[in-house]
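Spelled out from the first residue to the last, the chains are:
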Amino acid sequence: MTNALRLLTLTLTLTLTATVLPACDGDDGGESEAESEAEAEAESESESESEAESESEAESESEAESESECENPLCPGGLYDGSISIVTSDDVASLACCTTITGDLNVGASTLTALELPALASIGGDLTVYGNTSLTALELPALASIGSDLAIYDNDGLTALDLPALASIGGYLNIYNDALTALELPALASIGVALSITYNAALNAIDLPALASVGDGLIIVGNPELPTCAAYALRDQLLAAGFTGDVEIHDNDGTCP
């Protein structure tokens, strides 16, 4: 090979090397950027997983605390098997986590000013609230069913009756309280035996929009502030739903609108 040919070959080799090397440098940069992006994504996924685990742990701790707060030997699993009476605030606190009482619940002759049992959903027997001279409010927001009678009477200061979920009463509903101004039971659909609203000195309104079934008696008597037309409106509502029982309505002297 001549010197000229060798020189030409060396020149071509150097030229090709110079051309390829920058491309290799560029590829290394691309690979480095890709690696950085992958590392960033991995870190982000790790952080997200860590946050999710923390949230899950917090929820579990909250649920455990809630369950711990409602652990009550009186109502294991939320159930009180039998009948019970409430007289003091300690009695109320002991039933705070109970969802079901299989027997009767009696609230009588107490010094309570308010009674609230937010978890109670079912009473198998009677609910009787009577003779509580200081009681002004009865709140049972979750109570949906009473197996036998609901009797609320002789509570001289009772002005607020909150039973928004109550849908069925197996026996009688008896209401007789001097200070109660309105009887509102928005979910009540059935009363097994009879409805008696009597001698409520301040009662001026009845609102039972869902009531469609009453066993055999409707008594609305001696409510001087209750418009007669309100009593008859409830009667007509029941008659339209097929009620065939006895009706007694009188001495309700409020002015009809």
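Structure shown above.
For the structure given in this document, a descriptive report is provided here.

Scoring rules and cut-offs
For every chain, the first residue of the written sequence is number 1, and numbering continues from 1 onward in sequence order. Thresholds applied to this predicted model are a pLDDT of at least 70 for local features of residues and 80 or more for the giving and counting of side-chain atom pairs; totals over whole chains, interfaces and linings are not thresholded and use all residues. Side-chain metrics in this entry use all non-hydrogen atoms of the structure; hydrogen atoms and water are not considered. Paired strands, in this sense, are two strands between which DSSP finds at least two bridges. Going along the chain from the N terminus, every DSSP run of H or I of four or more residues is numbered as a helix, and every run of E of two or more is numbered as a strand. With axes taken as lines fitted to C-alpha atoms, and helix axes fitted only over the stretch in contact, angles between N-to-C directions fall between 0 and 180 degrees. Under the rule applied, a polar contact is a pair of N or O atoms within 3.5 Å (in protein, one hydrogen donor and one hydrogen acceptor; residues adjacent in sequence only if both atoms are side-chain atoms). Any two residues whose heavy atoms approach within 4.5 Å at even a single point are treated as in contact. A pair of sulfur atoms, both from cysteines and within 2.5 Å, is called a disulfide here. Three exposure classes are used, based on accessible area relative to the maximum for each residue type with a 1.4 Å probe and protein chains only: buried under 20%, partly exposed in between, and exposed over 50%. Only rings of Phe, Tyr and Trp enter the pairing, Trp through its six-membered ring, and a pair is recorded when the two centres are within 6.5 Å. The plane angle decides the type: under 30 degrees is stacked, over 60 is edge-to-face, the rest tilted.

**Focus on the sheet that holds strand β2 (residues 84-86)**
One open sheet accounts for 8 strands, arranged β2-β4-β7-β10-β13-β16-β19-β20; its pairing is parallel. Whereas interior strands pair on both sides, the edge strands pair on one side only; in this sheet they are β2 and β20 (246-250). Averaged over all neighbouring strand pairs, the angle between strand axes comes to 5 degrees, with direction disregarded. Here 4 bridges tie strand β10 (residues 150-153) to strand β13 (residues 172-176), and the two strands are oriented parallel to one another.

**Here we look at the side chain of Asn-177**
Along the chain, the position of Asn-177 falls in the loop between β13 and β14 (182-184). Within the local environment of Asn-177, its side chain forms a polar contact with the side chain of Asn-155, the two groups lying 3.0 Å apart. The contacts of Asn-177, once residues within four sequence positions are left out, are Ile-152, Tyr-153, Asp-154, Asn-155, Leu-158, Asn-200 and Ala-201.

**A closer look at the state of the cysteines**
Inspection of every chain in the model, using the stated rule, returns 2 disulfides. Put simply, Cys-75 and Cys-98 are joined by a disulfide, and their sulfur atoms are 1.5 Å apart. Linking Cys-75 and Cys-98, the disulfide has an S-S dihedral of approximately 55 degrees and is accordingly described as right-handed. With Cys-75 in the loop between α1 (3-69) and β1 (79-80) and Cys-98 in the loop between α2 (89-94) and β3 (100-101), the pair connects residues that are 23 residues apart, well separated along the chain. Comparing Cys-75 with Cys-98 shows no difference in burial state: the two are buried. Sequence-ordered numbering of the bonded cysteines in the protein chain gives a pairing of 1-2, 3-4.

**Focus on the sheet that holds strand β5 (residues 114-116)**
One key point about sheets: their strands pair by backbone hydrogen bonds, in either a parallel or an antiparallel sense. The parallel open sheet is built from 3 strands, whose spatial order is β5-β8-β11. Among the strands making up the open sheet, the edge pair consists of β5 and β11 (160-162). Between one strand and the next, the sheet's axes are offset by a mean angle of 5 degrees, whatever the strand orientation. Here β5 runs beside strand β8 (residues 137-139); their pairing, made up of 3 bridges, is parallel.

**Remarks on the packing of aromatic side chains**
Going through the model one piece at a time under the given rule, you end up with 2 aromatic pairs. When the ring of Tyr-130 is compared with that of Tyr-153, the centres are 5.8 Å apart and the planes differ by 20 degrees; the resulting orientation is stacked. In this pair, Tyr-130 sits in strand β7 (residues 127-130) while Tyr-153 sits in strand β10, placing the two residues 23 residues apart along the sequence. A relative accessible area of 26% means that Tyr-153 is categorised as partly exposed. For the pair Tyr-176 and Tyr-199, a centre-to-centre distance of 6.3 Å together with 70 degrees between the ring planes defines the contact as edge-to-face. Taken together, the residues Tyr-176 in strand β13 and Tyr-199 in the loop between β16 (194-198) and β17 (205-207) connect sequence positions 23 residues apart. A residue is classified by how much of its surface remains accessible, and Tyr-199, at 48% relative accessible area, is partly exposed.

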